[in-house]
Amino acid sequence: AQLFARNRSALSMSVGVHVRERDIREFTEDARGDRDAVRLGGWAAPELPLILQDQLTTLALSAEHVDVEGGPSGSAIGPVIRFSRLDPESVVIGAPFVAELEHRFGSISYTRAELRASRVLQLGAFAFGPIVDLSWSSSGAPEDVWPALGDEQRIPGLQWGEMRGKSRLVAGIDATTPVHGPHLRIRART
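Now for a quick tour of the structure. (Residues numbered from 1 in each chain as written. Predicted model: local features only at pLDDT ≥ 70, side-chain atom pairs only at ≥ 80, totals over all residues. Heavy atoms only, no water.)

### Looking at the overall build of the protein
Each helix and strand in the protein was counted, giving zero helices and eleven strands. Secondary structure elements in the protein, listed N-terminal to C-terminal, are β-β-β-β-β-β-β-β-β-β-β. The dimensions of the protein, computed from C-alpha atoms along their principal axes, are 60 × 55 × 25 Å. Taken over 190 residues, the protein has a buried fraction of 36%. Of all intrachain contacts in the protein linking residues separated by at least 6 positions in sequence, the fraction that spans at least 24 positions is 45%. Accessible surface, the protein: about 11,500 Å² in total, of which carbon and sulfur atoms supply 61%. Looking at charge distribution, the protein has the averaged site of its 21 positive side-chain charges lying 7 Å from that of its 24 negative ones. (Helix = DSSP H or I, 4+ residues; strand = E, 2+ residues; numbered from the N terminus. Buried < 20%, exposed > 50% of the residue type's maximum accessible area, 1.4 Å probe, protein only. Contact = heavy atoms within 4.5 Å. Areas by Shrake-Rupley, 256 points an atom, 1.4 Å probe, with all protein chains shown as cover. Lys, Arg positive; Asp, Glu negative; His and termini not counted. Charge placed at Lys NZ, Arg CZ, Asp CG, Glu CD.)

Shown next, in the form of structure tokens:
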């Protein structure tokens, strides 16, 4: 739910509850397995647009119960601060800016940080989008918040959840050119 002030101020309030189940994929040389991680919780967050209307600042308080199959189980509460840019859906290269810091304490305590940035450069009919994507989680973080190189097609060709670890650094470049309506896109990541 999102609540807006009656006096037309820029402040809005986001509140909600969630139940989320995520598979933690495990890869071996011969097989792939998975374990379940279930989160049940809620959040409350004021959202403040910055001077430019395509940017959003969110400060949230989140509380949830975490249950990881074969791993930690317990409750966690803590703040999340997020700075992000809202890109139009028609952007075919690069990635929207996100800087996020989260700290949880309780029976499960951890810290998580994420930074993703890119810049689109136009050179004639071609557009290039260098990108950097950094994610880190502390040693107490449950595995379902560990970043993976395969998640969200960070590295093309990897499966979702492949190469999971406590930190991730991805750098790369996208290139595109229009081809009579649609775009031809090439993506390189390392």
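### Let's talk about the environment of Gly41
Relative to the assigned elements, Gly41 resides in strand S3 (residues 32–49). The buried category is assigned to Gly41, whose relative accessible area is 14%. Separated by 21 residues in the primary sequence, Gly41 and Arg20 have C-alpha atoms spaced 8.9 Å apart. Sequence-distant contacts of Gly41, that is, excluding residues within four places in its chain, are made with Gly16, Val17, His18, Ala63 and Glu64.

### A closer look at the pattern of salt bridges
The final tally for this structure, using the stated rule, is 19 salt bridges. Taking the shortest distance from any N to any O, the salt bridge between Glu102 and Arg104 comes out at 2.6 Å. The class for Glu102 is buried, based on a relative accessible area of 6%. Taking the shortest distance from any N to any O, the salt bridge between Glu152 and Arg154 comes out at 2.7 Å. (Salt bridge = Lys/Arg side-chain N within 4 Å of Asp/Glu carboxyl O.)

### A closer look at the pairing of strand S4 (residues 55–68)
When S4 meets strand S5 (residues 73–85), the two strands line up antiparallel, connected through 13 bridges. In the strand pairing of S5, Leu61 is matched with Pro79. (Pairing = 2+ DSSP bridges.)

### Side note on a nonpolar patch on the surface
On the surface, Leu59, Ile81, Phe83 and Leu101 cluster together into a nonpolar patch covering about 320 Å² of accessible area. Structurally, Ile81 can be placed in strand S5. We classify Ile81 as partly exposed; its relative accessible area is 31%. (Patch = residues over 30% accessible without salt bridge, like charges linked within 9 Å, V, L, I, M, F, W, Y side chains within 5 Å.)

### Re the layout of surface pockets
Each pocket or cavity is described by its volume, and for the largest pocket that value is around 910 Å³. In this structure, the largest pocket is lined by 36 residues; those nearest its centre are Arg20, Arg22, Glu100, Arg112 and Glu114. Secondary structure elements with two or more residues in the lining of the largest pocket: strand S2 (12–27), S3, S4, S5, strand S6 (98–106) and strand S7 (110–118). Of the residues in the lining of the largest pocket, the class split is eleven nonpolar, six polar and 19 charged. (1 Å grid on protein atoms, 1.4 Å probe; cavity = no way out; pocket = protein on both sides within 12 Å on 5 of 7 lines; lining within 4 Å. Points joined across faces, edges and corners; volume = space filled by probe spheres on them. Nonpolar A, V, L, I, M, F, W, Y, C, P; charged D, E, K, R; others polar.)

### Here we look at the pairing of strand S11 (residues 183–189)
Where strand S10 (residues 167–178) lies against S11, seven bridges are found, and the strand directions are antiparallel. Residue pairing for S11: Ile173 is matched across the bridge by Ala188. Linking two consecutive strands that pair antiparallel, namely S10 and S11, is a turn of four residues; a positive phi of about 50 degrees is found at His180 within it.

### Regarding the nonpolar core
Ile24, Ala37, Val66, Val68, Ala76, Ile108, Tyr110, Ala141, Val145 and Trp146 together form the largest nonpolar core, which totals ten residues. Discounting chain neighbours no more than four positions away, the residues touching Ile24 are Gly33, Asp34, Arg35, Ala37, Val68, Glu143, Asp144 and Arg164. (Core = buried A, V, L, I, M, F, W, Y, C linked by side-chain atoms within 4.5 Å.)

### Re unusual backbone geometry
The residue Glu152 is not glycine, and still its phi comes out positive at about 50 degrees. By the secondary structure assignment, Glu152 is in the loop between strand S9 (126–137) and S10. We classify Glu152 as partly exposed; its relative accessible area is 49%.

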